[in-house]
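# Understanding the architecture of this molecule
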Amino acid sequence: MILEERPDAQSDGEVSARLQAAGSVLKGCDPLTQTQHSWLQSQRTRICQQISKELRMRTGAENLYRATSNNQVRETVALELSYVNSNLQLLKEELEGLSSMADMEQPKGEGVTVPMIPLGLKETKELDWATSLKELISGHFGEDSTAYEAEIMELESLRQAMRTPSRDEAGLQLLKTYYSQLCFLDMRFFSPARSPVLLFQWYDSLTGVPAQQQALAFEKGSVLFNIGALHTQIGACQDRSHPGGAHHAAQAFQKAAGAFNLLRENFSHAPSPDMSAASLSTLEQLMAAQAQECIFEGLSLPAPATPHNCLAQEAAQVAAKYRLVHQAMAQPPVRDYVPPSWTTLVHVKAEHFCALAHYHAAVALCDSSSTADDELPRHEQVLQSPYSPESQGLPLPQQPEERRKLAKAHLKRAILGQEEALRLHALCRVLRTVDLLQAVLAQALQHSLAKYSELEREDDFFEAAEAPDIQPKTHQKLEVRPSSLSQIQVVDIFHRLGPLSVFSTKNRWQLVGPIHMTRGEGGFGFTLRGDSPVLIAAVVPGGPAAAAGLKEGDYIVSVNGQPCKWWKHAEVVAQLRAVGEAGVSLQVVSLLPSPEPRGTGDRRPGLLGPGGLLKSQRECGFQTPAPMHASPLPLLGWSRKAKWCKTGGRFQPSAGGDSGTCP
């Protein structure tokens with residue numbers, strides 16, 4: 001993402017423009033629309049709160065049961081515990097039913113396609129940013145906190161809006177904008193030395209159990225999870241009965257897989273099950289499998305027609321991916337909190353697409369009678385021996401009768417697979433209510449039966465041998481695409497506090513001045529360097545600047561009462577050159593030694609590393625483009641614009657900035 005800082009000069013027009021921009025961002029919020037999705041989200045919130053209440057009651061009852069020795073009290077508490085556990089089980093089943101209602105939502109359009117599995121958004125409670133931020137602004141930054149009420153209100157409105165994003169690109173833009181602002185807040189207000197006292201609470205998307213932490217990384221990770229979940233909802237509601245819809249759905253699921261991959265690689269020791277490494281890995285595999293399914297659906301559409309041998313391998317690829325997902329969902333601890341209907345649906349899809357692979361292989365064999373001899377190896381590559389998976393394919397039968405028998409064997413496996421998929425579908429109470437899924441399975445079974453009847457002959461007294469497996473292969477490489485956070489251009493809400501390279505809780509400084517100086521024979525007696533803010537790189541001994549008390553390493557923040565934290569080197573020099581005999585009045589800040597030990601490596605053990613929640617930005621492989629009026633800033637970590645000078649304990653600016661001696 002492009003984290004863009006802005007100059008601190010803020011006119012009424014700029015305030016109005018920023019508020020209008022904030023209003024446009026909130027277009028992605030849809031809290032009042034009475035759609036099925038918004039109703040489901042509100043019901044999920046209600047159930048999550050009830051689950052939290054029941055969990056607190058159970059904890060109290062368990063503590064009382066362990067503490068008392070009175071048998072009558074223990075019997076009463078045991079009865080209460082059984083009642084609470086029953087309520088918890090009912091609430092979890094109700095939550096599972098709501099999740100399944102969202103999961104089996106019918107896609108747009110009239111085409112008959114298999115339902116997808118989207119994720120519900122993580123819910124959160126309201127958060128009071130104002131108290132902690134005002135305390136930091138007045139205490140650490142030395143500013144009037146009441147002057148930043150508009151910025152705090154904008155931040156709180158943004159967080160409130162992102163709790164109910166709309167299911168479109170505007171909703172994604174809203175979540176990404178808030179995530180970008182969290183990166184700014186992390187760099188400016190959060191450090192090992194001093195951070196706001198906030199408690200972030202989010203409800204688990206799968207179980208509804210609440211989790212809370214003071215780490216901002218938990219807030220960022222939860223928002224990133226919702227970005228992935230919203231991609232799944234957008235992909236699930238696409239009309240995949242035409243090529244454009246299938247393509248958009250595949251892209252959405254790939255982006256969702258990318259978001260979960262980013263979350264899994266950069267977050268550890270998450271407090272909620274849905275953000276654990278095992279859960280994120282399973283969700284990533286699930287979204288990749290659904291993207292592969294969308295690719296198959298796009299290829300299987302009538303125009304342009306794809307050869308059946310290619311479709312057989314594509315379907316086998318989809319089935320192989322769903323088998324891996326089913327294995328992951330069946331393993332603990334994922335099986336303990338993934339809805340059983342998900343596991344059953346994944347199993348149904350694995351059987352369904354395996355059967356489709358055999359069906360298309362059979363059709364390819366039936367059509368091979370008109371295939372040229374030079375194209376026969378393409379059909380052979382589809383077949384895989386059940387005893388030697390490493391083989392390059394079985395020899396294709398040369399005689400039409402042998403091909404017919406082999407096609408019948410494949411159709412037999414297709415029919416058995418579709419019947420197994422229908423049996424699994426009928427065993428699941430939730431899936432039985434999904435008419436569209438049953439229609440797809442029944443339609444596939446009818447096609448296989450019809451094709452088998454065409455090949456059936458009255459003189460067939462011998463059954464063909466077991467049909468070999470189909471080699472999984474895809475002709476469109478699946479890419480796990482990370483969410484396009486780098487394309488979001490965001491302006492720091494609190495940019496008036498100054499450039500992040502200096503004005504953050506990672507630094508301590510002292511405001512000096514106003515200092516009045518007049519020009520001497522050799523000028524003001526100091527050398528300036530760098531931009532935003534401009535640094536006093538050197539002070540001439542005995543000159544006007546030295547006599548006024550200016551020191552090397554000070555940053556100029558005001559010239560004749562005009563704030564200049566965001567001024568460039570040329571602007572400050574131009575102001576100083578225009579000074580007459582009356583002289584100039586400057587305000588500077590002097591950086592103070594940091595109380596925390598300076599050493600190499602990461603200094604945020606509370607959030608980073610194996611014992612924390614978020615790894616460093618460099619480990620993530622992300623770079624933040626250099627913004628206008630700002631130094632390059634990392635996406636998740638932080639860096640200083642100036643280097644620490646070994647002599648004198650002052651900051652020196654990075655190389656490449658402008659420098660010059662003021663006349």
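With an unreviewed UniProt entry as reference, the protein is termed Rhophilin Rho GTPase binding protein 1, source organism Cavia porcellus. Regarding the protein, the UniProt comment filed under Sequence similarities (unreviewed entry) reads as follows: "Belongs to the RHPN family."

What follows concerns the overall build of the protein. The secondary structure content of the protein amounts to 18 helices and 15 strands. For the protein, the residues scored as buried account for 51% of the 663 residues in total. In the protein, of all internal contacts separated by at least 6 residues, the share reaching a separation of at least 24 is 78%. As presented, the protein carries roughly 29900 Å² of accessible surface, and 52% of it is formed by carbon and sulfur atoms.

Since the α-helix packs 3.6 residues into each turn, any two residues three or four apart lie on the same face. Spanning 21 residues, helix 6 (residues 169–189) covers 30 Å between terminal C-alpha atoms, matching the ideal 30 Å at 1.5 Å per step. Within helix 6, 18 of the 21 residues are buried, which leaves the element mostly enclosed by the surrounding structure. The N-cap residue of helix 6 is D168: its side-chain oxygen and the backbone nitrogen of A170 are 3.2 Å apart.

Attention now moves to the confidence of the model for the protein. Predicted confidence across the protein gives a mean pLDDT of 77, with 73% of residues reaching 70 or more. Long-range and interchain partners of residues 32–37, a stretch whose pLDDT sits below 50, account for five contacts in this model, where long-range means more than four residues apart. In the model, residues 597–659 has pLDDT below 50 throughout and makes 147 contacts with residues more than four positions away in sequence or in other chains.

Once that is clear, we can look at the environment of R432. Turning to its location among the elements, R432 is positioned in the loop between helix 14 (400–427) and helix 15 (435–455). As for R432 and L422, which are separated by 10 residues in sequence, their C-alpha atoms are 9.9 Å apart. Not counting residues within four places of it along the chain, the set of residues in contact with R432 comprises H425, A426 and L427.

Turning next to the nonpolar core. Counting 110 residues, the largest nonpolar core has W129, F189, F225, Y322 and F494 as the members making the most contacts within it. Among all residues touching F225, those that are not within four sequence positions of it are L119, G120, K122, S205, F260, L263, D274, M275, L280 and L283.

This part is about the packing of helix 12 (residues 340–367) against helix 15. For the pair helix 12 and helix 15, interaxial distance at closest approach is 11 Å and the crossing angle is 25 degrees. Considering their axes alone, helix 12 and helix 15 lie roughly parallel with respect to each other. Where helix 12 crosses over helix 15, the handedness of that crossing is left-handed. Residues L345, V348, H352, L356, Y359, V363 and C366 of helix 12 touch helix 15, and the partners they reach there are L437, V440, L441, A444, H447, S448, K451 and L455.

Bringing the packing of aromatic side chains into the picture now. The final tally for this structure, using the stated rule, is nine aromatic pairs. A ring pair is formed by F296 and F353, whose centres lie 5.7 Å apart and whose planes are at 85 degrees; its orientation type is edge-to-face. Here F296, found in helix 9 (residues 277–299), pairs with F353, found in helix 12; they are 57 residues apart in sequence, far enough to count as distant. Each member of the pair F296 and F353 is classed as buried. With centroids separated by 6.1 Å and ring planes inclined at 15 degrees, the aromatic side chains of F524 and F526 adopt a geometry described as stacked. As far as the burial class goes, F524 and F526 line up, both buried.

This part takes up unusual backbone geometry. Peptide bonds are mostly trans, and most non-glycine residues show a negative phi. Looking along the chain, the bond that leaves P332 and enters P333 is cis, with omega of 5 degrees. Among the secondary structure elements, P333 is positioned in the loop between helix 10 (308–329) and helix 11 (334–337). A positive phi angle is found at S532, which is not glycine, with a value near 45 degrees. On the secondary structure map, S532 appears in the loop between strand 8 (526–529) and strand 9 (534–539).

Moving on, we come to the environment of W202. Note that W202 resides in strand 2 (residues 200–203). Classification of W202 by relative accessible area gives buried; the value is 0%. Distance from W202 to Q212, taken between C-alpha atoms, is 6.3 Å for residues 10 residues apart in sequence. A polar contact of 2.9 Å, which involves the side chain of W202, links it to the side chain of E219.

What follows concerns the pairing of strand 2. With burial as the criterion, each face of strand 2 is covered, one bearing F200 and W202 and the other bearing Q201 and Y203. Pairing of strand 2 with strand 3 (residues 210–213), which is carried by four bridges, proceeds in the antiparallel orientation. Note on strand 3: the bridge partner recorded for F200 is Q213. Joining the antiparallel neighbours strand 2 and strand 3 is a turn of six residues, in which G208 adopts a positive phi near 80 degrees.

Next up on the list: the pattern of salt bridges. Taken as a whole and judged by the stated rule, the model has 14 salt bridges. R188 is the salt-bridge partner of D492, the closest N and O atoms lying 2.8 Å from each other. Here D492 is found in the loop between strand 6 (489–491) and strand 7 (508–517), whereas its partner R188 is found in helix 6, with 304 residues between them in sequence. Here D492 matches R188 in class, with each residue buried. Salt bridges sharing common partners tie together R413, E466 and D469.

Time to look at the side chain of S276. With respect to the helices, strands and loops of the structure, S276 is situated in the loop between helix 8 (243–266) and helix 9. One polar contact links S276 to Y337, side chain to side chain, over a distance of 3.3 Å. Apart from the residues lying within four places of it in its own chain, the contact partners of S276 are A270 and Y337.

A few words now on the side chain of H360. Looking at where H360 falls in the secondary structure, it is placed in helix 12. At 3.0 Å, the side chain of H360 forms a polar contact with the side chain of H308.

This part takes up the pairing of strand 8. Of the strand pairs in this sheet, strand 8 and strand 9 are connected by four bridges, and their pairing is antiparallel. Along strand 9, the bridge assignment pairs R529 with L535. In sequence, strand 8 turns back onto strand 9 through a hairpin of four residues, with G530 there showing a positive phi of about 85 degrees.

Attention now goes to the packing of helix 14 against helix 15. Axis angle and axis distance: for two packed helices, these are the angle between their axes and the distance between the axes, and together they describe the pair. Where helix 14 meets helix 15, the axes come as close as 9 Å, and the angle between the chain directions of the two elements is 155 degrees. Accordingly, the angle class assigned to the pair helix 14 and helix 15 is roughly antiparallel. Helix 14 and helix 15 meet at a crossing whose hand is left-handed. Here helix 14 contributes R404, A407, K408, L411, K412, A414, I415, Q418, E419, A421, L422 and H425 to the contact with helix 15, which in turn contributes L437, Q438, L441, A442, A444, L445, S448, L449, K451, Y452 and L455.

On to the environment of T113. Along the chain, the position of T113 falls in the loop between helix 3 (71–103) and helix 4 (130–139). For T113, a relative accessible area of 8% gives the class buried. The sequence separation of T113 and E297 amounts to 184 residues, and the corresponding C-alpha distance is 8.3 Å.

About the cut-offs
- Counting from 1, residues in each chain are numbered in the order their sequence is written.
- It should be noted that, the model being predicted, local features are given only for residues of pLDDT at least 70 and side-chain atom pairs only at 80 or more, the latter also being counted only at that level, while totals for whole chains, interfaces and linings use all residues.
- In computing side-chain values, all of the structure's heavy atoms are included and hydrogens and water are not.
- UniProt positions are given in the numbering used here, feature names are shortened, and annotations may be inferred rather than shown by experiment.
- Numbered from the N terminus, helices here are DSSP runs of H or I no shorter than four residues, and strands are runs of E no shorter than two.
- Each residue's exposure class comes from its accessible area (1.4 Å probe, protein chains only) as a fraction of the maximum for that residue type: buried when under 20%, exposed when over 50%, partly exposed otherwise.
- We call two residues in contact whenever any of their non-hydrogen atoms come within 4.5 Å of each other.
- Note on areas: Shrake-Rupley with a 1.4 Å probe; residue coverage comes only from the protein chains shown.
- How far a helix is expected to stretch is found by multiplying one less than its residue total by 1.5 Å.
- We call two N or O atoms a polar contact when they sit within 3.5 Å, provided that within protein one can donate a hydrogen and the other can accept it, with sequence-adjacent residues counted only if both atoms are side-chain atoms.
- pLDDT measures the predictor's confidence residue by residue and takes values from 0 up to 100.
- The nonpolar core is taken to be a set of buried Ala, Val, Leu, Ile, Met, Phe, Trp, Tyr and Cys residues, with the residues joined through side-chain atoms within 4.5 Å.
- A fitted line through C-alpha atoms represents every axis, and for helices the fit uses only the stretch in contact; the resulting angles, taken between N-to-C directions, go from 0 to 180 degrees.
- Our angle categories are set so that under 35 degrees counts as roughly parallel, over 145 as roughly antiparallel, 65 to 115 as roughly perpendicular, and the remainder as oblique.
- For any helix crossing, the convention is left-handed if the near helix is rotated counterclockwise from the far helix by under a right angle, and right-handed if that rotation is clockwise.
- Side-chain rings of Phe, Tyr and Trp (the six-membered ring for Trp) are treated as a pair once their centres are within 6.5 Å; stacked means planes under 30 degrees apart, edge-to-face means over 60, and tilted covers the remaining angles.
- At least two bridges found by DSSP between two strands is the condition for calling them paired.
- Salt bridges are defined as contacts in which a side-chain nitrogen from Lys or Arg sits within 4 Å of a carboxyl oxygen from Asp or Glu.

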